[in-house]
Amino acid sequence: MSVSDTTAPVPAAGEGRSLWQDAWRRLRRNKAAVLSALVLAVVILAAVFGPYVVPHAYDTVYSNYVRTPASLEPYPRADAIEPEIRAALRRARVDIASIAVADGVATVEVTSEREIDPRVTRYLERSDLFTNGAVQRLSDDRRSATLTADVQQFHFYLGTDGNGRDMLARILVATRVSLAIGILATAVALVIGVTYGAVAGYFGGKVDDVMMRIVDVLYSLPFIFFVIMLVVFFGRNFVLMFIAVGAIEWLDMARIVRGQTLALKRREFVQAAEALGVENAGILKRHIIPNTLGPVVIYMTLMVPRVIILESFLSFLGLGVQEPLTSLGVLIAEGARNIEGATWLLVYPAITLALVLFALNFLGDGLRDALDPKDR
Amino acid sequence: MLSYILRRFLGAIPTLFVIITASFFMMRAAPGGPFNLDRPLDPTVMANLNRVFHLDEPLFTQYLRYLRNLLAGDFGPSFIYRDFSVGDLFANGLPVSIQLGGGAIALALLVGVTAGVYAALRQNSFADYFVVATASIGTTIPTFVVAPILSLVFGVWLGWLPAGGWGDGAIANKILPIVTLALPQIAVIARLTRGATIEALRSDHVRTARAYGLPARSVVITHTLRASILPVISYLGPAAAALVTGSVVVETIFGIPGIGRFFVQSALNRDYTLVMGTVVVIAIFVVIFNLIVDLLYAWLDPRVRLD
Amino acid sequence: MTDPVLSVSGLDVRFATPDGDVHAVKGVSLQVARGETVAIVGESGSGKSQTMMAVMGLLASNGRVAGSARYRDQELVGLPLKRLNTIRGSRITMIFQEPMTSLDPLYRVGRQIAEPLIHHRGLGRRQARARVVELLRLVGIPEPERRVDSYPHELSGGQRQRVMIAMALACEPDVLIADEPTTALDVTIQAQILDLLADLKARLGMAIVFITHDLGIVRRFADRVYVMKSGEVVEEGPVGRLFAAPAHAYTRMLLAAEPTGRKEPPPDTAPVLLEGRNVKVGFRLGGGFLAGPPIEINAVDGVTVRLVRGQTIGIVGESGSGKSTLGRALLRLNHGTGQIRFEHHDISRADRREMRRYRRELQLVFQDPFGSLSPRLTVGQIITEGLLVHEPRLTRADRDRRAVEAMREVGLDPATRNRYPHEFSGGQRQRIAIARAIILKPKVVVLDEPTSALDRSVQKQIVDLLRDLQARHGLSYLFISHDLAVVRALADHILVMKAGRVVEEGPTDAIFDAPRHPYTQALMSAALGHATRPDTAHAAG
């Protein structure tokens, strides 16, 4: 032990390992959490950029393709083309001798008792299935002709809904909406809850009593009532929707942060700071807030899925997002109504929702294990 | 004990009062009214209706009238179900919701606690992972997805059970709704029980029981089960209150005449009395179940005192 | 050793952890003869408890055992659970360190003591109850007929440990393993429990394996000693030989680790620095809506203290005596009343803002070196936090330089100042806490049990450091502790507190050599190993 020597050079300091770095290391070792994070990243990328990449817009209606099942093969199917041609040419008063489809081109031999008008191809083009109708050969007596038309091919990998809209595009947009609501509502809940809880917990006493009494009363108000009130007041508005959800979810956050703050206030390092004469702001900034972040982060990852389910539930009741915009809850509600005839309407949105919720839950569990190792 | 219960009910009165007052004025502040929704009514008819239902009085007078009637046990007439009073609607619907909710609570406790304890005893085994994963699925998949799937599989495809309807309370009609209601609760209870059991198994007094050569069965049943049920009981209070007051989703999908449907419909239709009635009934159930939870807790844990 | 009742040889215990295997016990061999008292001594982490846990089949689920542990002719390692359960709780029993948590809080103690009787001896409930009452009387629980129906939380710590002992004796075992049975108890209760064990052993004749870190207990209690260090037995032998002529360097270090030295009182001319007159601190219990008026309890009830420059006042007392609360009241960190003066200023009514300018001269060091350091700040930030408040003009480089100085002064490597508290050992953390206090160059430091959470050998280093700092900077200490050996080495003046009041006060030597108050006498005899009269062992607890 040397007597302090002010002229001694200040030695370089080695690097320490903070609790955050430790947590990060533990998180990376947790396979389920890493996998969940990857899945989540893919889903988020798909939700953000997917709608620009897929061939259909989420609100384009293909009236020929109402409730087509999911398929990797392009539509229309070969056996669907012939009836469509017959239907299209019915009004053209021609007899169809033969129909052949090859390489996306339909060739139709037609005969008629009268002269065939070359504009007959317009009947074909009137159908969504065909473009570039042309008369390839017209017999000299104009009584028979060979018509060709390009068959417009569509891919509906996940099928179409009851209005003939592409499910893939709709699911991607729905995921985007659901995630946005989940994240934004959580952010709203976070801001209100952390502030409220930290203030109540840190100041304690009467302030705390009154503030927590208010929370208790809000808790015992039936939650649906609250949401319905908000919907009744503000109408069915996308932005207000998640503000409303966030405004409800903050209660739990406030309780957690208050509990943490109360516990921290009793910890010796906070008392030590008080004994040093550190002012309130310094204690909150250096000692309270950094130590409440762990539980808050954990709770956040678990809140996002809760909010998504909540939004789905409200959409299921018809109180949420409005057409043509959609969310996973809306899609699932539609799917549930059509479950007997068109299972894909329920299956794919449900899988997407489950995937997102699973990933978030496992990530949350992983974070809890990483940030709070004594719980293992 | 009796005086404690009495004190608890007295203590709940201010809370109930605040809830009733807040909901009353919030509901009234909402735009629109019960008679001007779909197609506009003739102004004179409207005025008559408003007079009959006292909607033309000052709001505060209406509020006092409502409180007075409520104290006399009168919830008032429903605005939408014109032939029924709100009291009648509850008298018909509440027993249905309570039967389903009660069944779901019993089922959830039975299956959830068993699965949780089993998983905890075999921590990190295949059975444990299976329970944890299933519980995750149970908590993440919403009821409105589960309900139609169950209805389709067991009602339509397999034809084992009615796909919906109440059937005057036949047991077969209750099974699917009860299972649907119970599934998410089973998941939560299994998780809670598992966590609490693992903690109890690690505790010093279980180590004592082991050190004294007590057989494994007695270690589990005597020294861990009680401790692991405690958090489940805390959780069940509010959850049970929500279950017995009906579920919109389950009642809509299975076509069941409970009271869960009233809330959404009545609020959207501005059926003021029905909304208020539902709020009051739910709040009373919350109070009752919280009390039951505290009594149970004190009974199971001698360290807890009732005062 | 002709007929060992318990014989361990080549015992190995490993724990699988995410950071790799931990080899906790390395080839330990030991024998316990019939009716013998064997002590296993070591500091925390030496593997002394895990050795016996392995014998009893009580290791945590990630633990693995190899080697042999025999009870008479029966090998215990690898014995099927059913067979093992016929031995443990019946032939070999165990009591634990934590009397607060070792009993199931949800069941009456009578039922818990009866469980092994019913299970091993096949007694009926009624017979078992009669035997339980008899056992409770044997271990000195007053009113056993009534106490048999108590829940654990209705008993004091000492009574719970007595209940555990009753449970251990229920089936008249051959071996009783006592794992630090008195560590969590106050000194006077400790002495009673030790006397009880000695008395019961004399009457019943079982062998006792005593696991402890406390050499004082070993000297009084044991026939033979095994000294353990990092999972190995480094020395063994009869108590007399081992204390007289320790062979291993580690044993010698342990024996020398009892704090020594005396503090000279300051000269009579030294000025008064901190003075508290008639200090009271009350707490409210209960109360609230419909629950009646709250009960007011005085944790500190009219205490007067005078601390002069260069003095160290030791405040001793058992848990709940109000000694820590008094320390905080003198620093105005709680809502105490009474007159408090620092130098020439009356600070009794100073608010938080006014107190701030005195704070740098009045510092505090806590007991728990784990809880008193903010886990998310670096050590450098922790040490210099006071400078942010009291010398806000300092640049970051200045603060860094001051941190380096302070760390050198308390014997820490300054290169570690960017590390976080969890990367340091208990003793190092306490040095960090001391550095945080002295960086402000205070005049008074309140030390609230600063050595209680540390191993003896580390305690001694911290005591030396505190003494060194006092000499160098002319500090005055208020030293709060229940550990009389440490107080004796550091303090020149002593206050003995009980239930919020000072029962005796005087110079250290006078208090230690000729205690006047019966409570002080009990405290001294319990802590320093004088024989206690048997009747006091049954009086309280």
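Just so we're clear, the structure is a prediction, and the values are computed from it rather than from any experiment.

Each value, and the rule that gives it
Residues numbered from 1 in each chain as written. Chains lettered and ligands numbered in written order. Predicted model: local features only at pLDDT ≥ 70, side-chain atom pairs only at ≥ 80, totals over all residues. Heavy atoms only, no water. Contact = heavy atoms within 4.5 Å. Buried area = accessible area lost by both parts, 1.4 Å probe. Salt bridge = Lys/Arg side-chain N within 4 Å of Asp/Glu carboxyl O. Polar contact = N/O pair within 3.5 Å; in protein donor to acceptor, adjacent residues only side chain to side chain. Helix = DSSP H or I, 4+ residues; strand = E, 2+ residues; numbered from the N terminus. Nonpolar A, V, L, I, M, F, W, Y, C, P; charged D, E, K, R; others polar. Pairing = 2+ DSSP bridges. Buried < 20%, exposed > 50% of the residue type's maximum accessible area, 1.4 Å probe, protein only. Phe/Tyr/Trp six-rings, centres within 6.5 Å; stacked < 30°, edge-to-face > 60°. Lys NZ or Arg CZ within 6 Å of the ring centre and 35° of its normal. Domains from an automatic or database assignment. Core = buried A, V, L, I, M, F, W, Y, C linked by side-chain atoms within 4.5 Å.

### What about the interface of chain A and chain C?
Much of the literature gives interface size as the accessible area that the parts lose upon coming together.
Inference 1: Contacts between the two partners involve 39 residues from chain A, matched on the other side by 45 residues from chain C.
Inference 2: A combined buried area of about 3,700 Å² lies between chain A and chain C, and 54% of that area is made up of carbon and sulfur atoms.
Inference 3: Between chain A and chain C we count one salt bridge in total.
Inference 4: Inspection of the chain A/chain C interface yields 10 residue pairs in polar contact (both at pLDDT 80 or more).
Inference 5: Secondary-structure elements contributing two or more residues to the side of chain A that touches chain C are helix 1 (19-29), helix 9 (268-275) and helix 10 (280-316) of chain A.
Inference 6: Ranked by the residues each element gives to the side of chain A that touches chain C, the list is headed by helix 9 of chain A, at seven residues.
Inference 7: Among the residues making up the side of chain A that touches chain C, the classes are represented as 18 nonpolar, 11 polar and 10 charged.

### Digging into the pairing of strand 10 (residues 232-238) of chain C
Residues and elements named next belong to chain C.
Inference 1: Relative to strand 10, strand 9 (residues 224-229) runs antiparallel, the two sharing six bridges. By the bridge assignment for strand 10, Y226 is matched with E236.
Inference 2: From the end of strand 9 to the start of strand 10, which pair antiparallel, there are two residues, and S230 there has a positive phi angle of about 40°.

### Digging into the environment of T384 of chain C
Residue and element names in this part refer to chain C.
Inference 1: For T384, the location among the structural elements is in helix 13 (residues 379-390).
Inference 2: For T384, a relative accessible area of 8% corresponds to the buried category.
Inference 3: Sequence separation of T384 and E318 is 66 residues, and the distance between their C-alpha atoms is 34 Å.
Inference 4: What T384 contacts, discounting residues up to four positions off in sequence, is R399, A403 and I439.

### Things to note about the packing of aromatic side chains
What characterises a pair of aromatic rings is the spacing of the ring centres plus the angle enclosed by the ring planes.
Inference 1: According to the stated counting rule, one finds 15 aromatic pairs over all chains in the structure shown.
Inference 2: Measuring from centroid to centroid gives 4.9 Å for F25 of chain B and Y63 of chain B, while their planes differ by 45°, and the two rings are tilted. Of this pair, F25 of chain B sits in helix 1 (residues 2-29) while Y63 of chain B sits in helix 3 (residues 59-71), placing them 38 residues apart in sequence.
Inference 3: Look at Y63 of chain B and you get buried, because its relative accessible area is 5%.
Inference 4: Pairing F285 of chain B with F289 of chain B gives two aromatic rings, centres 6.2 Å apart and planes at 25°, and the pair type is stacked. Here F285 of chain B pairs with F289 of chain B, and both are found in helix 13 (residues 272-300), just four residues apart, close to one helical turn.
Inference 5: Each residue in the set F24, F25, F60, Y63 and Y66 of chain B is aromatic and connected to the rest through ring pairs, giving one cluster.
Inference 6: Here the basic side chain of R226 of chain B rests over the ring of Y107 of chain C, its NZ or CZ set 4.8 Å away from the ring centre.

### Topic: unusual backbone geometry
Residues and elements named next belong to chain C.
Inference 1: Of note, N278 is a non-glycine position whose phi angle comes to about 50°, a positive value.
Inference 2: Along the chain, N278 turns up in strand 11 (residues 272-285).
Inference 3: Of note in this structure, A499 is not a glycine but carries a positive phi near 50°.

### Thoughts on the domain arrangement of chain C
All names here are of chain C.
Inference 1: For chain C, the assigned domains read domain 1 (1-91 + 174-257), domain 2 (103-172), domain 3 (271-285 + 299-361 + 442-530) and domain 4 (375-440).
Inference 2: Facing 15 residues of domain 3, the contacting portion of domain 4 comprises 13 residues.
Inference 3: Summed over both partners, the interface of domain 3 with domain 4 buries about 1,300 Å², with 65% contributed by carbon and sulfur atoms.
Inference 4: On the domain 3 side of the interface with domain 4, the three residues burying the most area are R360, P442 and L465, jointly 41% of the side's total.
Inference 5: Counting across the domain 3 and domain 4 interface gives two salt bridges.
Inference 6: For E409, the salt bridge is made with R472, and the minimal N-O distance between the two is 2.6 Å.
Inference 7: Elements represented by at least two residues in the side of domain 3 that touches domain 4 include exactly helix 12 (352-359) and helix 16 (456-473).
Inference 8: With eight residues, the top contributor of residues to the side of domain 3 that touches domain 4 is helix 16.
Inference 9: Taken together, the residues of the side of domain 3 that touches domain 4 break down into nine nonpolar, two polar and four charged.

### Regarding the nonpolar core
Inference 1: Among the nonpolar cores identified, the biggest contains 88 residues, and M52, L76, I92, I165, I177 and F210 of chain C are the most heavily contacted of them.
Inference 2: Residue assignment places this core across two domains, with domain 1 (1-91 + 174-257) and domain 2 (103-172) of chain C each supplying three or more.
Inference 3: Membership of the second largest hydrophobic core comes to 73 residues, among which are A169, A198, M211 and W344 of chain A.

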